[in-house]
Each structure stands twice: as structure tokens, then as C-alpha cells.
Amino acid sequence: MPNYCYNTIRIVGGKEKLEKLLNDIRYVNDQNETVYNITRAYKCPSELDMIHRGGVKIDGAMHKRWYYLDKNGELVERSPFQEDDDDIGKPIGMTEGFEKELIEKFGFADGFDFRTEMWGTKWVTDCEDYREWLEDDDESDLNFECESAWSPPLQLLHKIIEKYDLKYATCRWWEEGGYTGWDSFYNELTIDPPMLRG
């Protein structure tokens, strides 16, 4: 189980650009509630999320990555804790050829590598304590809190600033192990907030 990282995030930019971001991260969850999750702005490809990683023995051989195929030979999403079932799919160890194919297509061989590299963390919860101020065409802002695994989603915030051409984002965070920080992203330039410099 990871240390939780608690994040307070502010994203600033033009009203229309922030509205586009809001539309992209808004969804209806299993409880039929409208919620927001910033990972939806830069999603992990679903194929990568179907690749499991860790350690598993399949037909007497150890594998670092594995996946499941259905009867038609299609990747299926399933928990590795489910009983093997022909309808659900049986585990198949990752081959060198399939791993190379995924890396060529996505740059990564599994969802874990994608998320930790592109988001800076394994997962991010839905936004809590969400507030928006979308009145200024030039400088509106979104404010919310979310949790992540081990570290704040700094790479993800940087990618959001670039993708939506926003002015900047700040993330004030603390992690259960006692680490804390405040990071700011101004377009393509990452700098410390002015009051922390010096």
C-alpha cells in the first residue's frame, strides 16, 4: 500500500481553455455522481491498462508482465485475483515481441510505466472540494484537492498546462512519510514559487 500524497491544486488560464479542460475531466461515476479527475486530460491508453505487472508463474515460467486474452484473441481487462475461466481469459506471459510492439505504439510496455512517467504517480483520486471561478477571459481558475500515490501528479500538471495552453498551475502537497512541497508550472518553464526562492 502506498503512502498517500494530499494535493491542493490551482490551475489558471483563459476561461474558454479552462472550460475545455473541465469538459475533458468531467464524468459520471458508478454512484451516478458528476465528478472530476485530472487524469482524464491525459489518459493512459486502455491497452496498457490491461497489462499486469509484478511477478507471476505461468506454465512453470516466471513473468514480470502478463495479460489475458478472450476466446477471440482480444485483450481483456480482468483482475489477476479472479479464477481462471475460458470466458474471462487465461494469463499469458508477456513476449518480447508484444512488449516491443507496445513500446513502439505507446512508448511504454504497461500502464504502470505510463502513469509514473507521464503523471508522476501511480494513480490520482477524483477531485474533492472542487471550486471554479470562470469569469475572466484571461485569468480564470480552478481549485481542488485530490490524493495520489507516493508523490504529487507534477508531470501530469505540466502536461495539462501545455496541452490546454494555460498560464500556470500550482500544487501544494504533503505525503504521509513527512515530505511536503509547493511546485509551480508556468507553460513550458518549471520554477519555484517566488516566495520560496532565495
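Residues numbered from 1 in each chain as written. Predicted model: local features only at pLDDT ≥ 70, side-chain atom pairs only at ≥ 80, totals over all residues. Heavy atoms only, no water.

A. A look at the packing of aromatic side chains. A full pass over the atoms with the stated rule returns seven aromatic pairs. Relative to Trp 123, the ring of Tyr 4 has its centre 5.3 Å away and its plane inclined at 65 degrees; by these criteria the two rings are edge-to-face. Of this pair, Tyr 4 sits in strand β1 (residues 4-13) while Trp 123 sits in the loop between α4 (111-118) and β7 (128-133), and the two are 119 residues apart along the sequence. Overall, the relative accessible area of 23% leaves Tyr 4 in the partly exposed class. When the centroid spacing of 5.7 Å and the interplanar angle of 80 degrees are considered together, the rings of Phe 108 and Phe 114 count as edge-to-face. Phe 114 matches Phe 108 in its accessibility class, with the two residues each being buried. Ring pairs connect the aromatic residues Tyr 4, Tyr 6, Trp 123 and Trp 174, which therefore count as one cluster. (Phe/Tyr/Trp six-rings, centres within 6.5 Å; stacked < 30°, edge-to-face > 60°. Helix = DSSP H or I, 4+ residues; strand = E, 2+ residues; numbered from the N terminus. Buried < 20%, exposed > 50% of the residue type's maximum accessible area, 1.4 Å probe, protein only.)

B. View of the sheet that holds strand β5 (residues 61-69). Pairing in this open sheet of three strands is antiparallel, and the strands run β4-β5-β6 from one edge to the other. On the outer flanks of this sheet lie β4 (52-58) and β6 (90-93), each paired with one strand and no other. Sheet twist, expressed as the average angle between the axes of neighbouring strands with direction ignored, equals 60 degrees. Summarising the sheet, β4 and β5 pair through five bridges and their orientation is antiparallel. Looking at the pairing, Arg 53 lines up with Arg 65 of β5. (Pairing = 2+ DSSP bridges. Axes fitted to C-alpha atoms, helices over the stretch in contact; angles between N-to-C directions.)

C. Broad picture of the confidence of the model for the protein. Across the protein, pLDDT averages 85, with 86% of residues at or above 70. Within the model, pLDDT remains below 50 along residues 189-198, and this stretch shows 11 contacts once partners closer than five positions in the same chain are excluded. (pLDDT = per-residue confidence, 0-100. Contact = heavy atoms within 4.5 Å.)

D. The side chain of Asp 110, seen in detail. Structurally, the position occupied by Asp 110 is in the loop between α3 (96-106) and α4. The buried category is assigned to Asp 110, whose relative accessible area is 0%. A distance of 2.4 Å separates a polar atom in the side chain of Asp 110 from a polar atom in the side chain of Arg 65. Dropping the residues within four chain positions of it, Asp 110 is found in contact with Leu 48, Ile 51, Arg 53 and Arg 65. (Polar contact = N/O pair within 3.5 Å; in protein donor to acceptor, adjacent residues only side chain to side chain.)

E. Geometry of unusual backbone geometry. The phi dihedral of Asn 32 is positive, around 65 degrees, even though this residue is not glycine. Here Asn 32 shows up in the loop between β2 (26-28) and β3 (34-36). Take Asn 32: its relative accessible area is 66%, and that puts it in the exposed class. You will see that Asp 165, though not glycine, has its phi angle at about 50 degrees, which is positive. Tracing the backbone through its elements, the reader meets Asp 165 in the loop between α5 (154-164) and β9 (168-175). You can call Asp 165 partly exposed: its relative accessible area is 47%.

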